[in-house]
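# A look at the structure
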Amino acid sequence: MYNYKTYIKNYFLYLLILFILLMSFVLLVDPYCEFNIVSIDRFNKIKTRQYSDKSNWIKATKKIILTNKYETIFLGSSRVLKGLNPDFLPESYKGYNAAYSSANFYDFENFKKEIEKSNIKRIVWGIDFCDGCLDDSVKSHRNNILSGLQLESIISSQTLYDSIVTILDNLFLLKHGILKDNNGFLVTKEKKYENNYAAIFNNVENGFKRKIHRIKRIDYYLTLQREFSFVEWLVRISKEKNMDIYIYISPVHINLLNIIIDGYQFETYKSWVELLSKTIYETDLHQNNKNDNVFELWDFSGYNSITKEAIPTIKNNFPMKWYIDPSHYRETVGNMILEKIFDFGKLEVPLDFGVKLNPNNINRHLELMYLSAEGAQNSVSAL
Amino acid sequence: MLFHSITFICIFLPIGLAGYYFLGSKGNAGARWWLLLTSCLFYFLGSRANLFLLLLSICLNFILGSFLEKYSDQKYRKIILIIGIVINLGILIFYKSFSLFELTSVTNYKTVFTDSFVPLGLSFFSLQQVAYLIDLYRKNIFKESFLNYALFVGFFPQLIAGPIVRFQEIVPQLKNPQTYVFRYDNFVIGSTIFILGASKKIICANRAGIVANGIFNGVSQGAIPTLVEAWIGAFAFTLQLYFDFSSYSDMAVGVARMFGIRLPINFNSPFRARGVMEGFTRWHITLYRYFSDYLVRPLFSLLIKIPLQKKIAKTRFAVSISTFAMLVLSGLWHGFSFNFFLWGVLNAIVAVGFYLWKEYTRGTGIKINPSHPLLARVKSCLFIAGLLCIGVCFKAQSVEEIRTIILSMMGVNGISLSPKLYDSLGAINSTLISFDGFFPNGLVPGGLNGCVRLLIIPIVIIFFMPNVYEFLYHYGPALGTERLLKLNKKINWIPNKTWAFFMALVSIMTIFYSFNSAYSISIFEYFRF
């Protein structure tokens, strides 16, 4: 005869033991570098999963900004993360790549306090059209992630998984996680892409088409307001702290611009660039501070020698020089961006790559962009 | 309030149980009032605005029931019954049909009302009360005290999403004084069923939901899925719905058992069915039992009276029509929108088609051994494939989306294969075949690997594990298990140390998964109904 009372006692005893064991394990391994209880070589020293989740990236980046080790910070999404290597900057610039996959101004708003407290001298922000173009559900989900940070980083299946992977990575030197370099730059695992450019281009382009489709559904201008309020804050804080700000529109492959045009969204794109420029220059005018800091807006997108690189087909596959996929450019392109912005004289950059926008040239620039896109499409259809 | 929420598990349930058994030790009445109060609070926390509607509905039906009992004249009784049915179904139709006002055209409809518009559990408590009135009219049952009646309708574990219980299943248990005495076996068995149910929701349904939502949301944003994506999407949604409903039913049965009350089994591994109709009756057991008792049988008796030359033709006609009506109505029961109607019609076509085929083969003398294992497998696979196609109507938000996914499932929108296959299959010259990977739209996080990772646990549990009631067969986990299930000889739960450890392990896994924001799709699909 089995005793139910004993069963209940055993059940709760086992539950408690398992809970304590797993929690201690997670605390000991500390995959997100939060508790710093022990750091053992070949066990948990290298935190390969520290950036496996956006919330962990936010926490880690906040700490890095506050260390005051860096004078130049790169902000942006995966394009910046994989494209801008701070090593290209001169030693005196002390750069750190604080970008993260699919990060946008919603996420960067988390760094406001840290940026205000830090000694950062310049920020380079790679901005993308439709940044933060998210449904409300996704936004609220993100807020949930941020509010539940503490508990989730101790008791969750993801933390447990990350703890096990951290140990395996340390033990066998595997790289399952996102292992940023010391300067925050993410070295791309090339092999994955080199085999099938055609497939990966198609994949990313399909995703971008959906993003463009989504703009029609959501209140895009509400998103813009929020985005530009962050830009306004940047202008203000740059004046206060004498900080240089460089915002640039990413050089995505021309196929993506064609998708915008085909989806009848070029007007939205145009107004986005115009508003961005207007926000920067008008806010700048309203600041009474006499600091002579730099605030520049660059556009590397549109038709130029880099963005119109030919795409391999499945039958005729060849390595791409500038692109990993239509949305992500290579480090060499990232270096050219930095060269164009800072003019170090280290690298030769095609003349048509990158235009510094100001209220005087913006309309002409956008007009030319549209005309060259249309011209290219007509010549393709004529062929 | 959700059964698997921290508030329910750590606060509501312990306080509810403690008060119930404390008052139960003093006398039945106190415990019953406590249970009613707890149920009202549970409903109030889930749907604040509609508690009044629930209480009004209970009072009204109780009064109508009293009149049915009071009058012996059949004419008056019939009028009272009709009034009762009209009121209950009228409220149900009123709320559910609001979506119809948004119908702009057949190809462009949208159900835009918010989920909170339809009162929580309305379909369940309305049907339950209609059955009560019919049973009273038929004199199958007799009127009980208001408290017992209110608990029969409002007992919180079954109030929101079933099982749909019969009066004669619940009231005798409520009248039994032993129900209110705390028993360790009830608590242990109830909590075991509850834990297994919660783990199915958090670990299985939510994982499958990530895949299904990825693909269906992508389609609503304009993506055109390929053959593989469409089938995976439909399969993942079916898994999500399967585990959603299965887990809720288990949790309801488990919670009720902790309160000393046995609810009927509501879900019995439908993918193991050896026929289409059996599959349907295993999916939502109490709903099909309801329709069978209160719709199919009366309709069948009516139809069989239609003068047709051959008796066999008359039977086939009556069975086909009544089955068709039942399945179409079960579709509409989920919501008055075109996709649910289509879902019901397709279900009905499949079920009646199979029935007529069976009858035809019997008539022509084609010898098919119905218990042949191969035939059983084929039937089971057909049922699952049919369920996947039909499930698309359930999940999709417009006719356009249904069309896109179904065409993709047929391969019309293209078949995308892995680029690795280009060398061996590249010679096939078809515009439909491309080599952009199995998931070229990037709708599922992690692509093929992500799919396998997310769906492997649900698949193993469905096809290779006994269900909760088979685990606990010896302990009478729910009403009807003795009749519907066979003894599972492989794995049987017993209250020993090993099982205590296993259940602790399942609990800890569930807790860890529940704190993972990636799996936080916590709404039950069936709450919409």
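Residues numbered from 1 in each chain as written. Chains lettered and ligands numbered in written order. Predicted model: local features only at pLDDT ≥ 70, side-chain atom pairs only at ≥ 80, totals over all residues.

Turning our attention to the overall build of chain A. Counting secondary structure elements, chain A contains 15 helices and 8 strands. Among the 383 residues that make up chain A, the fraction classed as buried is 39%. A separation of at least 24 residues holds for 77% of the contacts in chain A among residues at least 6 apart in sequence. (Helix = DSSP H or I, 4+ residues; strand = E, 2+ residues; numbered from the N terminus. Buried ≥ 20, exposed ≤ 12 C-beta atoms within 10 Å, placed from the backbone. Contact = placed C-beta atoms within 7 Å.)

A few words now on the overall build of chain B. Scanning chain B from terminus to terminus reveals 21 helices and 2 strands. Here the contacts in chain B between residues at least 6 apart in sequence split such that 71% fall between residues at least 24 apart.

Sheet strands line up and pair through hydrogen bonds in the backbone, either parallel or antiparallel. Residue and element names in this part refer to chain A. On the basis of which strands lie adjacent, the open sheet formed by 6 strands has the order E2-E1-E3-E4-E5-E8 and mixed pairing. On the outer flanks of this sheet lie strand E2 (95-97) and strand E8 (355-357), each paired with one strand and no other. Going across the sheet, the axis of each strand differs from the next one's by a mean of 20°, ignoring polarity. Where strand E1 (residues 72-75) meets strand E3 (residues 122-127), 4 bridges bridge the pair, whose relative direction is parallel. Across the sheet, residue Phe74 finds its bridge partner in E3, namely Val124. (Pairing = 2+ DSSP bridges. Axes fitted to C-alpha atoms, helices over the stretch in contact; angles between N-to-C directions.)

Below, the discussion takes up the interface of chain A and chain B. How big an interface is tends to be expressed through the accessible area that disappears when the partners come together. The interface is formed by 34 residues belonging to chain A together with 33 residues belonging to chain B. For the side of chain A that touches chain B, the secondary-structure elements that each account for two or more residues are helix H1 (4-29), helix H6 (136-147), helix H7 (149-152), helix H8 (157-172) and helix H10 (197-217) of chain A. Ranked by the residues each element gives to the side of chain A that touches chain B, the list is headed by H1 of chain A, at 11 residues. Each residue belonging to the side of chain A that touches chain B can be placed in one class, and the counts come to 16 nonpolar, 13 polar and 5 charged. (Nonpolar A, V, L, I, M, F, W, Y, C, P; charged D, E, K, R; others polar.)

Right, let's get into the nonpolar core. Ala208, Val211 and Ala236 of chain B are the most contacted members of the largest nonpolar core, which has 140 residues in total. Not counting chain neighbours up to four residues away, the residues in contact with Ala236 of chain B comprise Ala208, Val211, Ala212 and Leu455 of chain B. Ala98, Ile120, Val124 and Ile247 of chain A belong to the second largest nonpolar core, which has 76 residues in total. (Core = buried A, V, L, I, M, F, W, Y, C linked by C-beta atoms within 7 Å.)

The next subject is helix H9 (residues 184-220) of chain B. All names here are of chain B. Between its terminal C-alpha atoms H9 stretches 50 Å, which fits the 54 Å expected from 37 residues at 1.5 Å a residue. The largest bend in H9 is about 30°, located at Lys201. Among the 37 residues in H9, 31 count as buried, and that is most of the element. A positive backbone phi angle near 105° is found at Gly222, which sits one or two residues after H9. (Expected span 1.5 Å × (residues − 1). Bend = angle between axes of the 7 residues up to and from the residue.)

All names here are of chain B. You can see Asn28 is positioned in helix H2 (residues 28-46). Residue classification places Asn28 among the partly exposed residues on the basis of 18 C-beta atoms within 10 Å. As for Asn28 and Leu174, which are separated by 146 residues in sequence, their C-alpha atoms are 8.9 Å apart. Setting aside its immediate chain neighbours within four residues, Asn28 contacts Pro177 and Tyr180.

Residues and elements named next belong to chain A. Bridge count for strand E4 (residues 244-249) against strand E5 (residues 295-299) is 5 bridges, and the pairing is parallel. Residue Ile249 lies in a different strand from E5, and its bridge partner there is Asp299. Relative to E8, E5 runs antiparallel, the two being bridged by 3 bridges. Looking at E8, one finds that Asp299 is bridged to Val355.

The predicted model of chain A averages 80 in pLDDT, with 82% of residues at 70 or higher. Note on residues 135-149 of chain A: pLDDT is under 50 here. Beyond four places in sequence and across chains, it has 11 contacts. (pLDDT = per-residue confidence, 0-100.)

This next bit is on the packing of helix H4 (residues 74-96) of chain B against helix H5 (residues 122-137) of chain B. When two helices pack together, their arrangement is given by the angle between the helix axes and by the axis-to-axis distance. Residues and elements named next belong to chain B. In the contact formed by H4 and H5, the axes pass within 10 Å of each other and the chain directions differ by 170°. Compared by their axis directions, H4 and H5 come out roughly antiparallel. Residues Arg77, Leu81, Gly84, Ile85, Asn88, Leu89, Ile91, Leu92 and Tyr95 of H4 lie in contact with H5, whose contacting residues are Leu122, Ser123, Ser126, Gln129, Val130, Leu133, Ile134 and Tyr137. (Parallel < 35°, antiparallel > 145°, perpendicular 65-115°, else oblique.)

The next thing to look at is the packing of H9 of chain B against helix H18 (residues 447-464) of chain B. Residues and elements named next belong to chain B. H18 packs onto H9 with a crossing angle of 140° between their chain directions and a minimal axis gap of 9 Å. By the angle between their directions, the pair H9 and H18 is classed as oblique. Our pair here, H9 against H18, has a crossing hand that is left-handed. Between H9, through Ile203, Cys204, Arg207, Ala208, Ile210 and Val211, and H18, the contact on the second element is made entirely by Cys451, Leu454, Leu455, Ile457, Pro458 and Ile461. Residues of the contact of H9 with H18, tallied by class, amount to 11 nonpolar, no polar and 1 charged. (Left-handed = near helix turned anticlockwise from the far one by under 90°.)

Residue and element names in this part refer to chain A. Its place among the elements puts Asn110 in the loop between helix H4 (105-108) and helix H5 (112-117). Residue Asn110 is classed as partly exposed on the basis of its 17 C-beta neighbours within 10 Å. Once the C-alpha coordinates of Asn110 and Asn361 are considered, the two residues, 251 residues apart in sequence, prove to be 33 Å apart.

A word on helix H21 (residues 497-514) of chain B. With 18 residues, H21 of chain B extends 25 Å from end C-alpha to end C-alpha; this agrees with the ideal 26 Å at 1.5 Å per step. All of the buried residues in H21 of chain B are Trp499, Ala500, Met503, Ala504, Ser507, Ile508, Thr510, Ile511, Phe512, Tyr513 and Ser514 of chain B.

Residues and elements named next belong to chain A. Neither face of E1 is open: one carries Thr72 and Phe74, the other Ile73 and Leu75, and all of them are buried. Bridge analysis of E1 against E2 gives 3 bridges, and the strand direction is parallel. Pairing of Ile73 across the sheet is with Tyr96, part of E2. In this fold, the crossover linking E1 to E2 by way of helix H3 (residues 78-83) has right-handed handedness. (Right-handed = clockwise from strand over helix to strand, strands pointing away.)

What follows covers the confidence of the model for chain B. Residues and elements named next belong to chain B. The predicted model of chain B averages 82 in pLDDT, with 89% of residues at 70 or higher. Long-range and interchain partners of residues 101-116, a stretch whose pLDDT sits below 50, account for 20 contacts in this model, where long-range means more than four residues apart. Here the predicted complex carries an ipTM of 0.82, next to a pTM of 0.78.

Turning our attention to the environment of Val235 of chain A. Topologically, Val235 of chain A is positioned in helix H11 (residues 220-241). Sequence separation of Val235 of chain A and Val294 of chain A is 59 residues, and the distance between their C-alpha atoms is 9.7 Å.

Glancing now at unusual backbone geometry. Residue and element names in this part refer to chain A. A positive phi is found at Ser102, a non-glycine position, where the angle reads about 60°. Relative to the assigned elements, Ser102 resides in the loop between E2 and H4. Given 13 C-beta atoms within 10 Å, Ser102 falls into the partly exposed group. Notably, Asp343 is not glycine yet its phi reads approximately 55°, a positive angle. Mapped onto the elements of the fold, Asp343 is located in the loop between helix H14 (331-342) and E8. By the C-beta count within 10 Å, which is 9 here, Asp343 ends up exposed.

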